[in-house]
2 protein chains.
Amino acid sequence: MPDTSWIAVDAMGGDEGLAVMLAGVAAARRRHDGMRFFLVGDEAKVAEELKSHPNLSQHSEIVHAPETVGSSDKPSQAIRRAKTTSMGIAIDLVKQGRAGAAVSSGNTGALMAMAKLALRTLPGIDRPALAAPLPTLGDNDVVMLDLGANTEVDARNLVQFAVMGAAYARTIMDLDSPRVALLNIGSEDQKGTDEIRDAAAVLKGQTHLPLTFTGFVEGNQLARGNHDVIVCDGFAGNIALKTAEGTARFVADLLKRAFSSSVRSKVGFLISRPATELLRDHLDPNNHNGAVFLGLNGIVVKSHGSANERGVATAIGNAAKMVRADLTRRIADDLGNFEKKAA
Amino acid sequence: MPDTSWIAVDAMGGDEGLAVMLAGVAAARRRHDGMRFFLVGDEAKVAEELKSHPNLSQHSEIVHAPETVGSSDKPSQAIRRAKTTSMGIAIDLVKQGRAGAAVSSGNTGALMAMAKLALRTLPGIDRPALAAPLPTLGDNDVVMLDLGANTEVDARNLVQFAVMGAAYARTIMDLDSPRVALLNIGSEDQKGTDEIRDAAAVLKGQTHLPLTFTGFVEGNQLARGNHDVIVCDGFAGNIALKTAEGTARFVADLLKRAFSSSVRSKVGFLISRPATELLRDHLDPNNHNGAVFLGLNGIVVKSHGSANERGVATAIGNAAKMVRADLTRRIADDLGNFEKKAA
């Protein structure tokens, strides 16, 4: 049983640097009383930066790591330096049971490879998947997976992703029987690849799992709030996630341009600013930060590389929630039940 | 040489029905003087509806089709009814050289299958691809292909799509050497599938084609205006296109909600309405309607199933532009040069 009050933070990962990471941890600490943090990185630099956060320094411990994984390092290179890098050591603290979760804003491929090697997959899982909650028009976020860990998958992988995604939604979003859909290029039965159609057939046939299979969903329905979990391979998931991010930014940029196109529209913008700020808040990726690798013996959370202080705090808050809800055991239980009934 | 002043319209396809199709054709006719139309469908119904458009009726000819392809008909069923359906007969008018292009708002899979069977692919092309211009922040639209015609592709297909997409951009957007990128889940060389990496290697190696290969592009860059053509398989393309549509609608819905959240924001909205209307106009899919199957011996344009009158008119206008620019010959020439130099 890991120590659930500790979270291991890769203090050196991410585009924004150590200062932003520590400011984010400090902000998370203020929100989540009782959490404690391993700050993994260059000891001297972390200690220096920590002076700005006396509140955090009382509740954290620095763990020295002589090296850092670079953003362009190949996963195969990174895993050879698992014992010396801040990312590798943070994951190792989870493996040792000293921390309930590891959080990193570093290189996704390296994080995945290191986490898989150190923590191993849960029984019955071939490949872990990267899952994250995304905003919708409905009351709840929608959990989407895989978001880029597995470029190619088979039907069995997709079914496992569905079971893991549903366990995540039950645990984190308090849903009894999450509505799970497969991402496809049409809603009709014959659409898509063999892998997707085969996975749909398996999910349709199951009646003993705590999930409701809702069939195929197209890209234009992701944010409608009609599904709780959306399952796809990592290539399609990454394309959809990044296209959604890019389109939201595109519309915001057009809006900015439109609002500054005349004096009249500038006045209108100033008057309605509280409304547009609400919108910006709803769409800000820093408010939805914290993807998790599902299917491992331990919780590893990927924070966005460009996350700001608030984004890092959100990711750490999500990690804390997963640890407290005992997400890993819940997923293992659901997978065990699925394999048993399916056998 | 097809008769370039005639366009064959599948008057019965689309979710919105015959009235919207004919109103769209009438609107296109007002914009494009000199165009003439074959209106293919149930003769009595088309004649009745045509009474509302005296301007159009002078410049069109009704071609009777006893049947219609349904939105859920399988392509394999549809092609057996090529000679009796409005969709099949419209394509046949192109094959006969009586029309320069066919336009349909009907079932995409059936349209693709019928068009491929009737018109055949250009020399050197294994599979046609569905291409459409999408809005960007830049001065030009970006052409994206394939948008759903081919679920799975190999590297050779992707290279052909790049050549065809560039020929389209040269012809329709008047660019000398369009910037062509491959859609991928990262910009680094090792990212993505074997097919994408192999296609990148071929495109990098070419120096004799009128295009500039710009490498990999991620989903968040589609609308930035940094590329003229984006190439992908039909699965990823369909996911990206529909996710972009859905996200734009999502943001617009959030904006509506934000603007109506208080009296103050409602007032601001009313004042800035001209600006928000500019935005709506820029994003309205009816202003970007008209995807084309590239790689066939003839022009077949797919109008969005839910296109309104303006959307249908846009699609027909795009078809007219492709016919006048002799798009099919330009693509065949570029493909011929590519094959010759590559040999």
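Residues numbered from 1 in each chain as written. Chains lettered and ligands numbered in written order. Predicted model: local features only at pLDDT ≥ 70, side-chain atom pairs only at ≥ 80, totals over all residues. Heavy atoms only, no water.

**Q** Is there a simple way to think about the sheet that holds strand 5 (residues 129-134) of chain B in this case?
**A** Pairing between sheet strands relies on hydrogen bonds along the backbone, with the strands arranged either parallel or antiparallel. All names here are of chain B. Strand order in the open sheet made by the 11 strands is 3-2-1-4-11-10-5-6-9-7-8, with mixed pairing throughout. Lying at the two open borders of the sheet, with one neighbouring strand each, are strand 3 (60-64) and strand 8 (212-217). Ignoring which end each strand starts from, the neighbouring axes of this sheet average 25° apart. Pairing geometry for strand 6 (residues 142-145) and strand 9 (residues 229-231), over 3 bridges, is parallel. The residue of strand 9 that forms the bridge with Met-144 is Ile-230. Helix 2 (residues 43-50) rests against strand 2 (36-41) and strand 3 of the sheet, and its axis sits at about 155° to strand 3. (Pairing = 2+ DSSP bridges. Helix = DSSP H or I, 4+ residues; strand = E, 2+ residues; numbered from the N terminus. Axes fitted to C-alpha atoms, helices over the stretch in contact; angles between N-to-C directions. Contact = heavy atoms within 4.5 Å.)

**Q** Can you help me understand the packing of helix 1 (residues 17-31) of chain A against helix 2 (residues 43-50) of chain A in this one?
**A** Packed helices, taken two at a time, are described by their axes: the angle between them and the distance between them. Residue and element names in this part refer to chain A. Running from amino to carboxyl end, helix 1 crosses helix 2 at an angle of 55°, the nearest separation of the two axes being 10 Å. What the angle tells us is that helix 1 and helix 2 run oblique. Of the two possible hands of crossing, helix 1 and helix 2 adopt the one that is right-handed. Between helix 1 and helix 2, the contacting residues are Leu-18, Ala-19 and Leu-22 on the first element and Lys-45, Val-46, Glu-49 and Leu-50 on the second. Of the residues belonging to the contact of helix 1 with helix 2, the class tally is 5 nonpolar, no polar and 2 charged. (Parallel < 35°, antiparallel > 145°, perpendicular 65-115°, else oblique. Left-handed = near helix turned anticlockwise from the far one by under 90°. Nonpolar A, V, L, I, M, F, W, Y, C, P; charged D, E, K, R; others polar.)

**Q** It is not clear to me how the interface of chain B and chain A should be interpreted in this structure. Could you clarify?
**A** Much of the literature gives interface size as the accessible area that the parts lose upon coming together. With 56 residues of chain B at the contact, the number on the chain A side is 56 residues. Both faces combined, the contact of chain B with chain A buries some 5000 Å², and carbon together with sulfur accounts for 71% of it. On the chain B side of the interface with chain A, the three residues burying the most area are Ile-185, Phe-235 and Phe-250 of chain B, jointly 13% of the side's total. A salt bridge links Asp-253 of chain A to Arg-224 of chain B, with the shortest nitrogen-to-oxygen separation between them at 3.1 Å. Here chain B is connected to chain A by 6 residue pairs in polar contact (both at pLDDT 80 or more). The leading source of residues in the side of chain B that touches chain A is helix 9 (residues 234-259) of chain B, at 22 residues. For the side of chain B that touches chain A, the class distribution of residues is 27 nonpolar, 19 polar and 10 charged. (Buried area = accessible area lost by both parts, 1.4 Å probe. Salt bridge = Lys/Arg side-chain N within 4 Å of Asp/Glu carboxyl O. Polar contact = N/O pair within 3.5 Å; in protein donor to acceptor, adjacent residues only side chain to side chain.)

**Q** Could you clarify how one ought to interpret the relation of the copies chain B and chain A in this entry?
**A** Between the two copies of the chain lies a relationship made up of a rotation around an axis and a movement along it. Superposition of chain B onto chain A requires a rotation of 180° combined with a translation of 0.0 Å along the rotation axis, giving an RMSD of 0.1 Å. Here the symmetry operator amounts to a two-fold rotation axis. Closest approach to the rotation axis among the C-alpha atoms of chain B is made by Gly-268 of chain B, whose C-alpha sits 2.0 Å away. Looking at chain B, 98% of its interface residues are interface residues in chain A too, so the copies touch through the same face. (Least-squares fit on C-alpha atoms with pLDDT ≥ 70 in both.)

**Q** Which parts of the structure should I look at to understand the sheet that holds strand 8 (residues 212-217) of chain A?
**A** Residues and elements named next belong to chain A. Strand order in this open sheet of 11 strands is 3-2-1-4-11-10-5-6-9-7-8, and the pairing throughout is mixed. One side of each edge strand has no neighbouring strand; the edge strands of this open sheet are strand 3 (60-64) and strand 8. Along the sheet, successive strands turn relative to each other by an average axial angle of 25°, direction set aside. Bridge analysis of strand 7 (residues 179-183) against strand 9 (residues 229-231) gives 3 bridges, and the strand direction is parallel.

**Q** Looking at this structure, I do not really get the pattern of salt bridges. What am I missing?
**A** Here the idea is simple: oppositely charged side chains can pair when their charged atoms come close. Under the criterion given, the structure shown has 28 salt bridges over all chains. When the shortest N-O distance is used, the salt bridge between Glu-61 of chain B and Arg-98 of chain B registers 3.8 Å. Placement of Glu-61 of chain B in strand 3 and of Arg-98 of chain B in the loop between helix 5 (86-95) and strand 4 (101-104) is noted, with a sequence separation of 37 residues between them. For Glu-61 of chain B, a relative accessible area of 36% corresponds to the partly exposed category. Among the residues examined, Arg-98 of chain B registers a relative accessible area of 37% and is labelled partly exposed. Across the pair Glu-67 of chain B and Arg-81 of chain B runs a salt bridge whose closest N-O atoms are separated by 3.2 Å. In this pair, Glu-67 of chain B sits in the loop between strand 3 and helix 4 (75-80) while Arg-81 of chain B sits in the loop between helix 4 and helix 5, placing the two residues 14 residues apart along the sequence. Counted as one network, the salt bridges with shared partners bring together Glu-67, Asp-73 and Arg-81 of chain A. (Buried < 20%, exposed > 50% of the residue type's maximum accessible area, 1.4 Å probe, protein only.)

**Q** For this particular structure, what's the right way to read the packing of helix 5 (residues 86-95) of chain A against helix 6 (residues 108-119) of chain A?
**A** All names here are of chain A. Following both chains from N to C, one finds helix 5 and helix 6 inclined at 30°, their axes separated by 10 Å at the closest point. The crossing of helix 5 and helix 6 is right-handed. On helix 6, the residues that touch Met-87, Gly-88, Ile-91, Val-94 and Lys-95 of helix 5 are Ala-110, Leu-111, Met-114, Ala-115, Ala-118 and Leu-119. Class assignment of the residues belonging to the contact of helix 5 with helix 6 gives a composition of 9 nonpolar, 1 polar and 1 charged.

**Q** Just checking my understanding: could you explain the domain arrangement of chain A for this structure?
**A** Residue and element names in this part refer to chain A. Under the domain assignment, chain A is made up of domain 1 (1-120 + 295-323) and domain 2 (126-290). Across the domain 1 to domain 2 interface the summed buried area is about 1400 Å²; carbon plus sulfur atoms make up 56%. Three residues stand out in domain 1 for area buried against domain 2, namely Met-112, Arg-310 and Met-322, and they jointly supply 32% of the buried area on that side. Here domain 1 and domain 2 share 0 salt bridges between them. At the junction of domain 1 with domain 2, the criterion picks out 5 residue pairs in polar contact (both at pLDDT 80 or more). Elements that contribute at least two residues to the side of domain 1 that touches domain 2 include exactly helix 6, strand 11 (299-302) and helix 12 (309-324). When residues in the side of domain 1 that touches domain 2 are grouped by element, the largest group, 8 residues, is from helix 12. Among the residues forming the side of domain 1 that touches domain 2, the class breakdown is 7 nonpolar, 8 polar and 4 charged. (Domains from an automatic or database assignment.)

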